[in-house]
Every structure is written in structure tokens, then in C-alpha cells.
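# Descriptive structure summary
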Amino acid sequence: MGIEALENELILNVKFSFFEGGKPSGGEMFTMTYGLDNRCRYPEATLQSVVPLQFSPQLNAMAPAHLRFYALVDSPHAAWKVATIRRALLERTGASVEVVAECCFHVVLEEGADLEEFERCELQKLEWLLAPSPFDGRLTRHSQLSGTIKEIGPRLTFKTAYCTNALSALSAAGVRQVSRLERTTRYQFVGAIPDDETLLEIAGDRMTECIYTDDVDFTPIKGRENFIEIDVLGDPTNLDKANEELGLAFDKHDMLYYKDLFLNKLKRNPTDVELFDLAQSDSEHSRHWFFRGKLFVDGKERKDSITNPTPSRKRDVELADNNVLLIIFDVEV
């Protein structure tokens, strides 16, 4: 119920909700205007339907327990990464920035797991496995950073290879009821603070990582994300922009081919999903365009290639699989 106090009137906005099978299904908004004489005015003109309430089991269900563990990183690789970030920010902004890094382990328990029971039985073993060293006590339950902090980690929609290996290690150690374990890097900045896009470009991978918020949620997303169309028909240069922003790595020959494909043959706009698929399935790694192409050495075309050798060369070298090179030779036994 909402209340608005005006000079000579008091307005009450009352919402009545209806339930079906214990779930909210809709409602009505009823506005009553009272004068100073406490008599209701104009109620019949203000009855209006409202959009039915959306009931989401995911929103109403209790989210799985989410534990965080922190550790300052001081390995040679971490020092190199921090130095790289500082140098890149100095080149872009002209300002010197102090950067401190720590890693964060996000431990998500299975749905329905008892957090108190888990901490009582498994916490000590889990901390021992996650700690950089079991003897120095660097692993803590609270962040050691302060001020402006930005966190980069894997996208939430899929489990990483690190997570798969970590869960296998936990299972082997007898730690149960963990559904996901991801490692992220948190950066503390003193000085000029980079925006999210710049930081992700410098310190992360835009295709597989993202900037985390304080309320990051690893609960699996039900349903599918919306796709977007790239307006190539309206402006072909939009494909160039998509290539840059989505990290598709199309070269100039790819761009000419796909512009002709969608503009002149298919005569429609591509979606971002299609472009991601083309970037992967039509790549050199998948198609071997280089090895299947014509090879010229000293101005003369070679008649044989790794993928299609002549009979005289077939027993010497042949590309038998995606990236397997077979070299066959005789060995005296």
C-alpha cells in the first residue's frame, strides 16, 4: 500500500493480489482519494488492472551456500601480471597506478547442503587444500584488500577446466557436497582507476572472463540468453565492429567472404551466435586452410601437401587427424 499526502487530500494506493495454488497470479490496483472530511472521492474512476506477477521458483528458492577464501598472490607469474597491468595503464592514461592482487576461491555447495555441518566436518580439510602453503596461514575468510577493488573471473554460465580438476581433487580427498569451485583474481588500485572494459582487455579474456560484482551468483541460469542481430544489411561496417568487439579474429579475407554471404546470398543479418560459430568451426584449426591451400616454394607450386601428399611422399608424412602428424619410417629391429 502506498500513501501520498497532498495539500487537501490523502491518496491511498492499495494493491490486491490473487493466488492460484499458493502462487501469485495477478492483482488489481485500487486508488482511493480522501478529502479533509474523511470522505472517499473518485474511487470508481481509478480501478486499473496490473501486469500479472511472475512467479519464479529460482528466485523464491534458497540459493546454495557460497563460501569465499582469499590469499595474496606473490608468485613470479603474479608479479609479472601486475607489472604488465601497471605498464599498460601507464601507456594508456599517462598516470602511475599502484596495483595489488589477491586470488579468491569461490566454493559453491550443492543445493540443500547444510552449511554448518559442512564447515564442521570439511572446512579444515578444504582450507588445507586451497592454501598456497599449508604452513604460512595466507588463506583467510576475509579479503586483505581495501579501497577500489575489481575482480576478474570466469563467466558464470559454464564450469572451467580448473573447476573440474578441483572437484576431482576434493572428491579424492573426501570433501563432498561442493558443486563448483572457481578461482578469480582481485585487483586493488591506488591512483587512476581503469574502467571495466579497459581492465578486462588488459588483464583478462573477454571471451571467457568477466568483471564480478559484490553479489556475484553462481546459481545456474535456467533458460537461454537472448541473441542479437548484427545489422550488416544496414551498414556492412557493423560486421567489422562485431569482429573487433566480440573477438572473432576474422581476417580481411573472412570479412569479404561473410559480407558477400549475408549481403548478396542470404540477404539477411547474422546473429552473434552464428558469428561465434563461424569463428570457431571455420577457423584454421578446424579447416586447415593453410595446409589445404596451394603452396609455392621459390615461385614454384608444390604439387603435394601434408593433407594430400603424392603417392611417393605418402609413406613419409601425412596429416591424419586434426593436429596429428604421422611420420613413417623404417626401423631395424
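Quantities reported herein were computed from a predicted structural model and do not represent experimental measurements.

Spatially, the five strands line up as an open sheet ordered β6-β7-β9-β8-β10, and their pairing is antiparallel. The sheet is open, and its two borders are formed by β6 (66-72) and β10 (209-212), each paired with just one other strand. Neighbouring strand axes in the sheet, compared pairwise and without regard to direction, differ in orientation by 30 degrees on average. Pairing analysis gives four bridges linking strand β8 (residues 148-154) to β10, with the strands arranged antiparallel. For Gly153, the partnering residue across the bridge sits in β10 and is Cys210. Running over the sheet, helix α4 (residues 161-172) touches β7 (98-109) and β9 (178-190) and is turned about 125 degrees from β9.

Moving on, we get to a negative patch on the surface. On the surface, a cluster of negative charge is made up of Asp195, Glu197, Glu244 and Glu245. Looking at the element boundaries, Asp195 is found in the loop between β9 and α5 (196-203).

This brings us to the side chain of Asn238. With respect to the helices, strands and loops of the structure, Asn238 is situated in helix α6 (residues 237-245). Setting aside residues up to four positions removed in sequence, Asn238 forms contacts with Ile230 and Asp231.

Glancing now at the nonpolar core. Residues Phe69, Val107, Leu130 and Val178 are the most contacted members of the largest nonpolar core, which totals 22 residues. Looking at this core, the elements that each hand over two or more residues are β6, β7, α3 (115-130), α4 and β9. Among all residues touching Phe69, those that are not within four sequence positions of it are Cys103, Cys104, Phe105, Val107, Leu123, Leu126, Glu127, Leu130, Leu139, Thr140 and Arg141. By size, the runner-up hydrophobic cluster in this structure holds 14 residues, among which are Ala88, Tyr187, Leu199 and Ala203.

What counts, and at which threshold
Here the residue index of a chain counts from 1 through its sequence in written order. Two thresholds apply to this predicted model, a pLDDT of at least 70 for residue-level local features and 80 or more for giving and counting side-chain atom pairs, whereas whole-chain, interface and lining totals are computed over all residues. Water and hydrogen atoms play no part in the side-chain values, which are based on all heavy atoms of the structure. By the convention used here, strands pair only if DSSP detects at least 2 bridges between them. Secondary structure is summarised from DSSP: a helix means a run of H or I of at least four residues, a strand means a run of E of at least two, and numbering begins at the N terminus for each. For helices, the fitted line uses only the C-alpha atoms of the stretch in contact; every axis is such a line through C-alpha atoms, and the angle between N-to-C directions lies from 0 to 180 degrees. Throughout, a residue-residue contact means that at least one pair of heavy atoms, one from each residue, lies within 4.5 Å. Note that patches include only residues with greater than 30% relative accessible area and no salt bridge, and the join distances are 9 Å for like charges and 5 Å for nonpolar side chains (Val, Leu, Ile, Met, Phe, Trp, Tyr). Calculation of accessible area relied on Shrake-Rupley with a 1.4 Å probe; when residues are assessed, cover is drawn exclusively from the protein chains displayed. Whenever a carboxyl oxygen of Asp or Glu lies within 4 Å of a side-chain nitrogen of Lys or Arg, that contact is scored as a salt bridge. In this tally, Lys and Arg are treated as positive and Asp and Glu as negative; His is ignored, and so are the chain termini. A charge is said to be at NZ when it belongs to Lys, at CZ for Arg, at CG for Asp and at CD for Glu. Residues belong to one nonpolar core when they are buried, are Ala, Val, Leu, Ile, Met, Phe, Trp, Tyr or Cys, and are joined through side-chain atoms within 4.5 Å. Here the term buried applies to any residue with accessible area under 20% of the maximum for its type, exposed to any over 50%, and partly exposed to those in between, with areas from a 1.4 Å probe on protein chains only.

Coordinates in, geometry out; function isn't part of it.
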